[in-house]
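Take a look at the letters that make up each chain.
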Amino acid sequence: MTTLLAIGTGKGLFLATSTDGRRTWQLSGPHHPMTGVYAVAVDTRREVPRLLAGMTSSHFGPSVATSDDLGASWQEPEQAPVAFPADTGASLGRVWQLTPAGPEEPDVVWAGTEPSALFRSTDAGRTFELVRALWEHPHREQWGAGFGGQAVHTVLPHPHDPARIAVAMSTGGVYHSADAGATWAPGNTGIRAYFLPDEWPEFGQCVHKVARDAGDPERLYAQNHHGVYRSDDGGHTWLSIAAGLPSDFGFPMVAHPTRPGMIWSFPLAADSRRFPVDERCRVYRSADAGGTWEALSAGLPAGPYYPAVLRDAMCADDAEPTGVYFGTRSGEVYASRDEGDSWALVAAHLPDVLCVRAAEV
């Protein structure tokens, strides 16, 4: 079995493969050089896995490319696959998220974009259509821009019910649909927005990333702009699980693909000091749904260490035991093949890492 690690950077996509149980890696790229690759998906629902890359060129603008031969060749349509209809008066900034739907919908792929919108593909990512109900939501005009822009960066289809889907955005918070995107409602009760006059608003939170638990699809985990939370009711209400972490600020939140209650994060000191806490490179893991946390650093660089990890620059694969990966703003990529107990360097001196995705192919 081959493990594929897709690494989106500010200057292209790199692909790392391992055929020896993730002990060694072979790196290729850059694919799509001099584009910012903000979103990558590895769609393993198909007999031949499909790679999807959301890229942004300073000259040609944003697009989505697909590959059905693990990156040996790429297909990109002449017309932009993700585009706002003319009557919206909006233009696409970039694609922030590409998420295959569940097994009941093998050709459906979701795209989250900047400005904050959701698009749906029914041809496995070749073309996309705007989900009008979210775009026309009465709250939309009050959604603000986070430091990285105004974007839907999390798309979570329900694993057992195709009609249910959750999205998260900066800023705006978490929104849910129970009718395949026909209507949407916010789900932010318990998430604090300390930067607003009303610190507990219905919407407007700067949620950085949301992940779904492997065992209980009604359990979600959120990394907020200062705040780490868990929801036990499908993301409608939230409680803090930040106790035990050295900081409640950060960007990624990753859930184990098969083991309930296990999650990983990479805390930073504060929004005003976006360095690892105490300038030490450490991943934090919880095995009890955020009840307790442990620091993991075996094989990671000793301090002082300053690079940050962005919201989509951390992921887990579907191997056994599960591998965990993260990339940094300084172009380093680290991998663990034992759920975070130990780490090894996969690549260094890459452009800044924006996203990573891994799977057995």
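In the nomenclature of an unreviewed UniProt entry, the protein corresponds to WD40/YVTN/BNR-like repeat-containing protein from the organism Micromonospora harpali.

Colleague: Where do I start with the overall build of the protein in this structure?
Modeller: Within the protein, the regular secondary structure consists of one helix and 30 strands. On C-alpha atoms alone, the protein measures out to a radius of gyration of 19 Å, which is about the 21 Å that the 2.2 N^0.38 rule sets for 361 residues. If you line up the protein on its principal axes, its C-alpha atoms span 50 × 50 × 40 Å. Every one of the 361 residues in the protein was classed for burial, and the buried ones make up 58%. Intrachain contacts of the protein at a sequence separation of at least 6 include 49% that bridge at least 24 residues. Summed over all atoms, the accessible surface of the protein reaches about 14,100 Å², with 50% contributed by carbon and sulfur. Charged side chains of the protein number 27 positive and 42 negative; the gap between the two group centres comes to 4 Å.

Colleague: I tried to follow the pattern of salt bridges on my own but got confused; where do I start?
Modeller: Where charged atoms from two side chains of opposite charge approach closely, those side chains can pair. A complete count under the given rule lists 20 salt bridges for this structure. Residue Glu339 is joined to Arg259 by a salt bridge in which the shortest nitrogen-to-oxygen separation is 3.5 Å. Here Arg259 lies in the loop between β20 (254-255) and β21 (263-265) and Glu339 lies in the loop between β28 (333-336) and β29 (344-347), a separation of 80 residues in the sequence. On the basis of relative accessible area, Glu339 is assigned to the buried category, the value being 13%. Salt-bridge contacts for Arg329 lead to Asp352; the nearest nitrogen and oxygen are separated by 3.8 Å. Here Arg329, found in the loop between β27 (324-327) and β28, pairs with Asp352, found in the loop between β29 and β30 (353-360); they are 23 residues apart in sequence, far enough to count as distant. By relative accessible area, Arg329 is classed as partly exposed at 45%. What emerges from the salt-bridge pattern is a single network uniting Arg50, Asp68 and Arg126.

Colleague: Which parts of the structure should I look at to understand the sheet that holds strand β8 (residues 109-114)?
Modeller: Strand pairing in a sheet relies on backbone hydrogen bonds, with the paired strands running either antiparallel or parallel. Ordered by their spatial adjacency, four strands build an open sheet running β7-β8-β9-β10, and the pairing between neighbours is antiparallel. Looking along the sheet, the strands with just one partner apiece sit at the ends: β7 (94-100) and β10 (129-130). Relative to strand β9 (residues 117-121), β8 runs antiparallel, the two sharing five bridges. Note that in β9 the partner of Thr113 across the bridge is Ala117.

Colleague: In this structure, what is going on with the sheet that holds strand β12 (residues 165-170)? I would like to understand it.
Modeller: Across the sheet, which stays open at both edges, the four strands sit in the order β11-β12-β13-β14 with antiparallel pairing between neighbours. Because the sheet does not close on itself, it has two edges, and the strands there are β11 (151-157) and β14 (185-186). With two bridges connecting them, strand β13 (residues 173-177) and β14 associate as antiparallel partners. Its bridge partner lying in β14, His176 is registered against Ala185.

Colleague: What is the right way to look at the side chain of Arg50 in this model?
Modeller: By the element assignment, Arg50 lies in strand β5 (residues 50-57). The exposure class of Arg50 is buried, given its relative accessible area of 4%. Within the structure, the side chain of Arg50 is placed 3.1 Å from the backbone oxygen of Ala124, a separation counted as a polar contact. Among all residues touching Arg50, those that are not within four sequence positions of it are Ala41, Val42, Asp43, Thr66, Ser67, Asp68, Asp123, Ala124 and Arg126.

Colleague: Explain the packing of aromatic side chains to me, please; I cannot follow it from the model alone.
Modeller: Note on aromatic pairs: each is described by the distance of the centres and the angle between the planes. Counted by the stated rule, this structure contains 11 aromatic pairs. Ring geometry for Phe249 and Phe251: centres 5.4 Å apart, planes at 80 degrees, overall edge-to-face. The two residues Phe249 and Phe251 agree in class, both being buried. Through successive ring pairs, a cluster of aromatic residues spans Phe266, Phe326, Tyr334 and Trp343. The cationic tip of Arg274 hangs over the ring face of Phe147; the distance from NZ or CZ to the ring centre is 5.2 Å.

Colleague: I tried to follow the nonpolar core on my own but got confused; where do I start?
Modeller: Among soluble globular proteins, nonpolar side chains are generally buried collectively. Core analysis: the largest hydrophobic core is formed by 41 residues, its most contacted members being Leu5, Trp264, Val283, Met314 and Phe326. Among the elements that line this core, the one with the most residues is β30, at four residues. In this structure Leu5 touches Phe14, Leu15, Ala16, Trp25, Tyr325, Val333, Val346, Val356, Arg357 and Ala358, once residues within four positions along its chain are discounted. By size, the runner-up hydrophobic cluster in this structure holds 16 residues, among which are Ala41, Phe84, Leu98 and Trp135.

Colleague: Help me understand unusual backbone geometry, please; the structure alone is not making it clear to me.
Modeller: What is expected of a backbone is that most residues other than glycine have negative phi and most peptide bonds are trans. Note that the residue after Gly303, namely Pro304, is joined by a cis bond; omega there is -5 degrees. Relative to the elements of secondary structure, Pro304 occurs in the loop between β25 (294-296) and β26 (314-316). The omega angle of the peptide bond from Glu320 to Pro321 is -5 degrees, so this bond is cis rather than trans. Looking at where Pro321 falls in the secondary structure, it is placed in the loop between β26 and β27. Unlike most non-glycine residues, His32 shows phi in positive territory, near 55 degrees. By the secondary structure assignment, His32 is in the loop between β3 (26-31) and β4 (35-43). On the accessibility criterion, His32 (16% relative accessible area) is buried. Even without being glycine, Glu279 reaches a positive phi, approximately 55 degrees.

How each quantity is defined
- Residues numbered from 1 in each chain as written.
- Predicted model: local features only at pLDDT ≥ 70, side-chain atom pairs only at ≥ 80, totals over all residues.
- Heavy atoms only, no water.
- Helix = DSSP H or I, 4+ residues; strand = E, 2+ residues; numbered from the N terminus.
- Rg over C-alpha atoms; globule rule 2.2 N^0.38 Å.
- Buried < 20%, exposed > 50% of the residue type's maximum accessible area, 1.4 Å probe, protein only.
- Contact = heavy atoms within 4.5 Å.
- Areas by Shrake-Rupley, 256 points an atom, 1.4 Å probe, with all protein chains shown as cover.
- Lys, Arg positive; Asp, Glu negative; His and termini not counted.
- Charge placed at Lys NZ, Arg CZ, Asp CG, Glu CD.
- Salt bridge = Lys/Arg side-chain N within 4 Å of Asp/Glu carboxyl O.
- Pairing = 2+ DSSP bridges.
- Polar contact = N/O pair within 3.5 Å; in protein donor to acceptor, adjacent residues only side chain to side chain.
- Phe/Tyr/Trp six-rings, centres within 6.5 Å; stacked < 30°, edge-to-face > 60°.
- Lys NZ or Arg CZ within 6 Å of the ring centre and 35° of its normal.
- Core = buried A, V, L, I, M, F, W, Y, C linked by side-chain atoms within 4.5 Å.

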